[in-house]
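# A look at the structure
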Amino acid sequence: MKDNSNPNKENSLKHVLFGSLIGTTIEFFDFYIYANAAVLVFPQLFFPSKDSTSSVLLSLATFSIAFLSRPLGSAVFGHYGDKIGRKTTLVIALLTMGISTVSIGFLPSYASIGIAAPLLLMLCRFGQGVGLGGEWGGAVLLAIENAPPNKRAWYGMFPQLGAPIGLLLSGGTFLILTDTMTADAFLDYGWRIPFIASSLLVVVGFYIRLKITETPAFENSKKEQEEVKIPFFTLLKFYKNQLIFGTFAAITTFLVFYLMTVFTLSWATSDLGYSKRDFLLMQLFSVLFFALFIPVSALIADRIGRRKMLIYATTAIAFFGFAFSFSLNSGSTILVTLFLCIGMALMGFTYGPLGTFLSELFPTTVRYSGTSLAFNLAGIIGAAFAPMIAIWLATQYSLTYVGFYLSTAACISLFSLLMISKEEHKF
């Protein structure tokens, strides 16, 4: 049996790694262009108000909808991913995300159709969340379930690289558009271009995903008749502690990222006097450190263990929270850029091995459901309302309290990492 599976595995390896990478790149590109638009465009077009802060907060509230819908995507796609396989489920998840994103590019504004405009925007954002909720877990498993035991973190970091690549593509696209168009033209139709253009990326991803074969771990599980009737119920009955502690172990990863991107972009351009263009450039530069330290952390994690790597990274983030106010309020472009780079490097350290760590908490029969739910529930707790909470803390108190917010979350994640069982399941 082992010999028969090897040729299929070898033949599909390049497709598997590239397929997992391009899929998450597309998904995160779609997700991040919404994040940029939620700060730069949507407050004026979909939530016009005399109070600009209220417009921004309402826009960021729609940003959080995708995090609330991601667990639904995890449950639905996780169920079918554990029942019928990773490949078909991933293709459908990609299409769900793609159709929702392209639809946003064609939405009329509040000035054209009134309250229906933000309602349609929220519906599309909901679809984005459902698609991403099913996409990430499947892409990670596609890579990890094809990996040798001593290289799981290395294989598992390929889909993780989709996050910085997607962020670079989305931020770079918005930067080019704002540089080459007048402010009126960008607000009128320019912002729609990245949403509509994402359809081209979806076609490429769809083609590559169709060429991917099923993972050996899933095939072996089917042959051994290990299938469970309803993975979600099995997960809650036998793996509840892994789900709970896995979720809280991941919340800091989400929080540090969205504080470094959405919150800092909003705060720096509205309260610290930075132009949108200049701060986007600073952020894009810092993303290079995010991308660099994902493979670095994966290499280390394969040597010392995924759990230990996450403990070290999360401890560093807890201390990093105390630098928030000093760095952002420094008035120094160099110091603020350094602050963003360190934050993104820490994000790379925690994000690189995270997918592998979560997948190892669950057996094959419920792995898609368990990994996806833990990751996306962490997204709700750690990121759904993070930009809004951070803006409220900074406005009502000071940036120091935003740092305390991050450090507190890191302590919760540390506790969860220490409480998680070290049991590993068969791949």
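The following paragraphs examine the structure supplied in this document. (Residues numbered from 1 in each chain as written. Predicted model: local features only at pLDDT ≥ 70, side-chain atom pairs only at ≥ 80, totals over all residues. Heavy atoms only, no water.)

## Points about the nonpolar core
Rule in force here: Definition used in this section: a nonpolar core is a set of buried Ala, Val, Leu, Ile, Met, Phe, Trp, Tyr and Cys residues joined via side-chain atoms within 4.5 Å. Burial status follows relative accessibility: with a 1.4 Å probe on protein chains alone, a residue under 20% of its type maximum counts as buried, one over 50% as exposed, and anything between as partly exposed. Two residues form a contact once any of their heavy atoms are found within 4.5 Å.
By size, the foremost hydrophobic cluster in this structure holds 123 residues, and its most contacted members are F42, Y258, F263 and Y351. Filtering out sequence-adjacent residues up to four positions away, F263 remains in contact with Y258, F324, L328, P387, A390, I391, A394, L399 and V402. Counting residues in hydrophobic clusters, the runner-up holds 7 residues, among them V16, A139, L141 and L142.

## As for the side chain of T371
For the record, the criterion: Strands are runs of DSSP state E lasting at least 2 residues, helices are runs of H or I lasting at least 4, and numbering of each runs from the N terminus.
You can see T371 is positioned in helix α19 (residues 364–384). Apart from residues no more than four positions distant in its own chain, T371 is found in contact with W136, L141, G355, L358, S359 and F362.

## Structural notes on the pattern of salt bridges
As a reminder of what qualifies: Every case where a carboxyl oxygen of Asp or Glu lies within 4 Å of a side-chain nitrogen of Lys or Arg is listed as a salt bridge.
All told, the structure shown has 5 salt bridges when counted by the stated rule. Of the charged contacts, one joins D302 and R306 as a salt bridge, the two residues approaching to 3.0 Å between their closest N and O atoms. For E360, the salt bridge is made with R306, and the minimal N-O distance between the two is 2.5 Å. Here E360 is found in the loop between α18 (354–359) and α19, whereas its partner R306 is found in helix α15 (residues 306–320), with 54 residues between them in sequence. Through salt bridges with shared partners, a single network forms among R152, D302, R306 and E360.

## Topic: the packing of aromatic side chains
Given two aromatic rings, one states the distance between the centres and the angle between the planes to describe the pair. For clarity, the threshold we go by: Here a Phe, Tyr or Trp ring, Trp counted by its six-membered ring, pairs with any other such ring whose centre lies within 6.5 Å, and the pair is stacked when the planes are under 30 degrees apart, edge-to-face when over 60, and tilted otherwise. Criterion for a charge above a ring: Lys NZ or Arg CZ within 6 Å of the ring centre, and within 35 degrees of the ring normal.
Under the defined criterion, the tally for this structure stands at 26 aromatic pairs. Considering the side-chain rings of F42 and W191, the 5.5 Å spacing of their centres and the 90° angle between planes classify their relative orientation as edge-to-face. Linking F42 in helix α2 (residues 42–45) with W191 in the loop between α9 (183–190) and α10 (192–210), this pair joins segments that are 149 residues apart in sequence. Neither residue differs from the other here; F42 and W191 are each classed as buried. Counting every residue linked through ring pairs, the aromatic cluster contains Y32, F257, Y258, F290 and Y351. The ring of Y34 carries the charged tip of R125 above its face, separated from the ring centre by 4.1 Å.

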